[in-house]
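This is what each chain is made of:
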Amino acid sequence: MISTKRSASGFLAAMMLASWISTAWSFGKLDEEKAKKAAPIPRTALLSGFPEWVTSVAISPDGKTIAGGSYQEVRLFDAASKKETARLATGKGYVRAIAFSRDGRQLAVAGFRTVNLWGVESKKVEKSLEGHKGYVTGLAFSQDGSRLATSGEDETVRLWNLAGDAPAVVFKGHTYPVQGVAISPDGKLLASAAGDEDRPTKPGEVKLWDVATGKEAAALTDHKKGATGVAFSADGAFVASTGLDEVVNLHQTSDHKPLGYFNGHGRPTNAVAFAPDGKSVISVAGGRAKGNNTVMLWNREDGEEIAASDAHQGKVTSLALSTDGRTLVTGSYDKTVAVWDLSKFVSAGAGNAPVEPAVAEVSKAVDAKVVQVIQKVVAEAAQEAKDPAAEAKPLKELKAGIIGLDTSHATAFTAALNSADKKADLAGCRIVAAYPKGSPDIKSSTERVPGYIEQVKKHGVEIVDSIDDLLEKVDVVFLETNDGRPHLEQVIKVFKAKKPVFIDKPVAASLADAIAIYDLAKKYNVPCFSSSSLRYTEGAQALRKGSAGDILGCEAYSPCSLEATHPDLFWYGIHGVETLFTVMGTGCQSVTRVASPDTDYVTGTWTGGRVGTFRGIRKGAGGYGGTAYGTKAIVPVGSYGKDGPYRPMLVEILKFFQTGVVPVDPKETIEIYAFMEAADESKRQGGKPVTLESVMEKAKAEAAKRAAEVDR
């Protein structure tokens, strides 16, 4: 049913907008200059007196009542006076979620195994919904108020028909606790977000469910860590999700297309909502560490930060938006509820306004023709999407350039991408130009360049005289210079030209330069990533996704030849270290290195007492691989598979170029280089343990200087 407040033309316009929304902001937060322009959000009240953390908040549909959930209670406040009006003793531990019914007459309260529907006037439980095992974590009423969706720690989503006593429809398929749920405005889809804070190396799960069939409609796999929340836009065209990976992901609902992500918070994001007009998004963040407990308002189309404030003294757990979008309420671990005025920043829209029964009946009659028209348009669009001719439309072919022709990666990538019979997963990109300069003081570099020039020219690649000339001819860049030392000075030109860039290993020849590169990428709002091809072996990727359960430890090995111009592990040991971190994830705290002329043995201690080791081999049998120790199995990591050393990584690079979504978190890459830097420092200190924090602190100061030197 279409509300009388939403016209058919507006609905269709939203659908058309969804089809062409730009991915230009896919690489996240704006640079620091834009961030400085973001206005503060006025806070109008701070409601305190809660016994423990505030875990959930809600605003009644008429905007007159604010609710906050905490340990064994919910408190109600008059929105005008900010005075407490009632206290509901809920029992059974923390209240994990609360939501007002569409008519405002009931308040759903999610606790341990149960959802209780409290009468707002009676202050009594009027109905209980039982079925979840463990805590119920999320609540969402359907637009017409007849159904309630719930999520739970038992890895399920349930949909309850509130008119009778029939058991809920259960949606199964998640492998982690489900942290949040939403219902699309038309009631046809559910969205759910799942993840486990205690398993930080595990990816998040965001799923769309077909309400009519009970089947999974789509799996959105963008979150690198657990997903924490999910929301639909008022017109249903978009779905946003939050996660422990500190981003808010945005997808188009109709075809599940990833449209970008916002990473302005710099801390785990915990909840998200769309403004009623659909033009802006509100998200909140915070985690176990101190600081950056923020609320941010940003533009949906380009990710531009509109307004932001430090919201609380503790993790911001939840948010609720008034029907008109003018009032925001947030809850926090600091035991308070904050009230915010958004009237300067958002305009009122259709929103998810309560639908009175009489209005609903009139709407059904008035909008019957409109619904038929929309259904026809949607059906035709769906049919067109299934049309083989439509499916055969090629991706926009990106013109790619290469900086540096002194590594075999450059020739291998060119041969693969410029092949006349390449497979579909390598479509959409072609190498058109290359700047060949190598490193004059590295023999293996200078010797390769002449031959590699001739090889790429056979594939139709133009050789240019400068990076500036290259950038005029290309859309995206492969930075392939074998020497990590010039990467910072080379890539700053790419950043200023706003070209997405893949930086081949090593990302730099020092930890300070690596940090400076990612700081400048953030400043210029340009997506970049770096990786060894060993990250994308079948074994490492399977372990990353949990094939052996939670990883308790890993032993990785690779060749580790030395190059006098680079720190010991940066030149070739990076391969085995990348394998180690792909399996173990981030969280390394300290490193100890034992070194001999023929071997390096580096032991890292991770959070939770996990231990990972890297063996660098300079003599004897070589190769790549390792052993992973998981809670389910002890398995070999394995080396390259049937697709060889380059293809799997190249496929990921092309996905990155087409979407702007960075596949490797910069924080993980920087931690890899901090690990290797700490290993060098441990060697200098005779094998003593060295913390990553100590080398990072030193490198950050130098990184700021280096960035300033090249960014003129």
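Look up a bit, the structure's there.
Residues numbered from 1 in each chain as written. Predicted model: local features only at pLDDT ≥ 70, side-chain atom pairs only at ≥ 80, totals over all residues. Heavy atoms only, no water.

### Describing the sheet that holds strand β27 (residues 337–341)
- Across the sheet, four strands lie side by side as β1-β27-β26-β25; this open sheet has antiparallel pairing. Sheet topology places β1 (43–47) and β25 (316–321) at the edges, where each strand pairs with a single neighbour. Averaged over all pairs of adjacent strands, the angle between their axes in this sheet comes to 20 degrees, without regard to strand direction.
- Two strands pair when backbone bridges link them, and strand β26 (residues 327–332) and β27 are joined in this way by five bridges, in the antiparallel orientation. Within β27, the position partnered with Leu328 by the bridge is Trp340. (Pairing = 2+ DSSP bridges. Helix = DSSP H or I, 4+ residues; strand = E, 2+ residues; numbered from the N terminus. Axes fitted to C-alpha atoms, helices over the stretch in contact; angles between N-to-C directions.)

### Quick word on the sheet that holds strand β3 (residues 65–69)
- Spatially, β2-β3-β4-β5 is the arrangement adopted by the four strands of the open sheet, whose pairing is antiparallel. Each edge of the open sheet carries a strand with a single partner, namely β2 (56–59) and β5 (84–94). Strand-to-strand, the axes of this sheet are offset by a mean angle of 15 degrees, without reference to chain direction.
- Summarising the sheet, β2 and β3 pair through four bridges and their orientation is antiparallel. What sits directly across from Ile59, in β3, is Ile66.

### Quick notes on the pairing of strand β20 (residues 258–262)
- The buried fraction of β20 amounts to four of the five residues, a majority that puts the element mostly inside the structure.
- Turn length for the strand β19 (residues 248–252)-β20 hairpin, with the two strands adjacent in sequence and antiparallel, is five residues, and the turn residue His256 shows positive phi of about 65 degrees. (Buried < 20%, exposed > 50% of the residue type's maximum accessible area, 1.4 Å probe, protein only.)

### A word on the environment of Met584
- Along the chain, Met584 turns up in helix α13 (residues 574–584).
- Expressed as a C-alpha distance, the spacing of Met584 and Arg610, which sit 26 residues apart in the sequence, is 8.7 Å.

### Re helix α15 (residues 666–684)
- Between its terminal C-alpha atoms α15 stretches 27 Å, which fits the 27 Å expected from 19 residues at 1.5 Å a residue.
- Counting buried positions along α15 gives 14 out of 19 residues, so the element sits mostly inside the fold.
- If you check the start of α15, you find a side-chain oxygen 2.9 Å away from the backbone N of Lys667, and it comes from Asp665.
- Gly686, located one to two residues past α15, shows a positive phi value of around 75 degrees. (Expected span 1.5 Å × (residues − 1). Polar contact = N/O pair within 3.5 Å; in protein donor to acceptor, adjacent residues only side chain to side chain.)

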